[in-house]
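The chain contents come next:
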Amino acid sequence: MKKRMLALLLAAGMTLGATACAPKQSAGQSSGNPNGSGSGSTQNTPADPGEPQFGGTLRATINGDPTSLDYMIVNVEQEQIPASHIFETAIALDASGNPWPGVCNFTFENNVLTLTVREGVTFHNGDPCTIQDVEASFKRWTENVSAAKKQIAAHMSSAEVSGDSFVITFSDPAPVAVNTIAAYDNGLVILPKSLCEKYPDSKLADADCIGTGPYKFVEHLPDRYVKLERYDAYVPSGNTEATGMAAPRMAYADELYFYPVGDKTARITGVQTGEYDIGIGVPSNMMEQLSADPNLEVVTRDLGIFACMIFNNAQGPCTDKNLRNAILACLNMDDLMLAAQGSADLYRLNPGYMMTSSRWYVEESLGKYNNPDLDKAKEYLDASSYNGESLTFITTKEYDYFYKTALLVAESVKPIGIKIDVQMYDNSTLKEYRDDPTKYDIFSGGLGDKADPTQVVFLNPEWAGFWDNAEKDRLVEQLAQETDFDARYAIWTDICKLIYEEVPNITFGERINPIVYRSNVHNIFDTKEKYYWNTWLS
């Protein structure tokens, strides 16, 4: 039955009837292999486009409609992508996780972090960015963002303006302070002081999305588009040697639209017809056809996203770790990732939560990852308090790998007598329900690779899934205080072992994402983060 389900899931992706064809892999990139490299690869090699050009309208797609564009607060991709073009963090991280100036220049010596506003930075309303704006943003951030509370506020003795600087003094070693401030997810975003005071503990209204980024907000028509336009007064950083998010940002397009398109096939066929310029998440069976189209370019990118399922650790039957272990012991990760991605060339097996290319990659899983054993699963189940009730697994079709893996998990646990009720919702409802422990036993997720393991989201007991564990908290605190990399790596390894003892969630593997874009689009992102500054049209 499970094999039949896998065949049906694969067939469901073949909407155009094309033969599945894998993109060419770069040297050293081994898909379906935990030892593969982390570099992206291309199917077609675009011709040299010449010098960048200003002008035109760039039309990108996102998976769903944003409920908010408050970049300091939001943590869902369809919100972060457009918001990151409007707002900027005080410090930026390059593609290797090294810090560079963002809105602010900085120094960090002897547990003292000093921020000064970079020359020429202004908000989209024309006002100069001042150190008082930085101070107000810091206050809002440390009062509303969990990572800021735990990694910054809990370890500082003071934070105050001194002349033209904002000085944060830590009472304890704070090796992750800079990375926390610079994080793509809920970093220290700099807002006007007036907005921090207007929205001290609530999300910005769209009309008040005033940032310092290369594009400024114009309008958001729900379920239709988010429209941005170039901010002509933007002054790029001087980080000419930096990569990724830390490199200088140029707004080449006059206008930048983000269209919410939940259906993957509609998203990609929209790029084929010219309705959109860029689509992420190409069905594997469409690769050959798209690659043969002279109007299109097809590339793959390692976006550091792990297909996974997260248990409700707060209440209900899945609070029993024996039940969680029983489910893990039923799962063949190759089958699940093949269902998720449609091709063995579009994933890597990975038991952890950092990319195989990351210096933080840990292979340890206590022998439990991708080791299906129904006899062992039955032992765990017999030791559990499970009494045959149906487990509610909430998911969405807006990320097709969510619902495909949810269906296959439900089939995989049937042989040992576990019942799972897979319930489909739109992504906004899924996001709402996952924060309510009365709504589910399991939910689908796509966890992201981080610059530092302290930023792995489910380590926060307040995050959806609500994994509250004293030993985990002790190790995370120790990790946040330690400065030596080797010692930190050993602590992170202990955390990974604890994860496989407790199984608060299950990762299936690391996704590789095909992207298609029109051939007149040049210089798209080559990082985990998806952004379209520095992208231009010919």
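Residues numbered from 1 in each chain as written. Predicted model: local features only at pLDDT ≥ 70, side-chain atom pairs only at ≥ 80, totals over all residues. Heavy atoms only, no water.

Visitor: Can you help me understand helix α9 (residues 321–328) in this one?
Guide: Each α-helix turn comprises 3.6 residues. Residues three or four places apart therefore point the same way. In terms of residue burial, α9 counts as a mostly covered element, since six of its eight residues are buried. Within α9 the residues assigned to the buried category are L323, R324, N325, A326, I327 and L328. If you check the start of α9, you find a side-chain oxygen 2.8 Å away from the backbone N of N322, and it comes from D320. (Buried < 20%, exposed > 50% of the residue type's maximum accessible area, 1.4 Å probe, protein only. Helix = DSSP H or I, 4+ residues; strand = E, 2+ residues; numbered from the N terminus. Polar contact = N/O pair within 3.5 Å; in protein donor to acceptor, adjacent residues only side chain to side chain.)

Visitor: Which parts of the structure should I look at to understand the nonpolar core?
Guide: Side chains of nonpolar character tend, in soluble globular proteins, to be buried together. Counting residues in each nonpolar core, the largest one holds 139 residues, and the members touching the most others are M309, I327, L331, I418, I506, F508 and Y532. The element contributing the most residues to this core is helix α15 (residues 485–502), with seven residues. (Core = buried A, V, L, I, M, F, W, Y, C linked by side-chain atoms within 4.5 Å.)

Visitor: Sorry, what's going on with the packing of aromatic side chains here?
Guide: In this description, a pair of aromatic rings is defined by centroid distance and the angle of the planes. Per the stated rule, a full pass over the model turns up 24 aromatic pairs. Measuring from ring centre to ring centre gives 6.0 Å for Y71 and Y184, while their planes differ by 70°; the resulting arrangement is edge-to-face. Taken together, the residues span a long stretch of sequence, with Y71 in the loop between β2 (57–62) and α2 (77–86) and Y184 in the loop between α5 (177–182) and α6 (193–198) at a distance of 113 residues. Residue classification places Y71 among the buried residues on the basis of a relative accessible area of 3%. Taking the relative accessible area as the measure of exposure, Y184 reaches 17% and is therefore buried. (Phe/Tyr/Trp six-rings, centres within 6.5 Å; stacked < 30°, edge-to-face > 60°.)

Visitor: Hey, could you run me through the sheet that holds strand β6 (residues 112–117) in this one?
Guide: Backbone-to-backbone hydrogen bonds pair the strands of a sheet. The strands run either parallel or antiparallel. As summarised here, the arrangement of the four strands in space is β5-β6-β8-β7, forming an open sheet in which the pairing is antiparallel. Edge positions in the open sheet fall to β5 (104–109) and β7 (156–162), since each of these has one partner strand only. Neighbour-to-neighbour, the strand axes of the sheet open up by a mean angle of 15°, direction not taken into account. Across six bridges, β5 lies against β6 in antiparallel orientation. Paired with F106 across the strands is L115, a residue of β6. The strands that helix α3 (residues 131–144) touches are β5, β6, β7 and β8 (165–170); relative to β8, the one it contacts most, it runs at about 35°. (Pairing = 2+ DSSP bridges. Axes fitted to C-alpha atoms, helices over the stretch in contact; angles between N-to-C directions. Contact = heavy atoms within 4.5 Å.)

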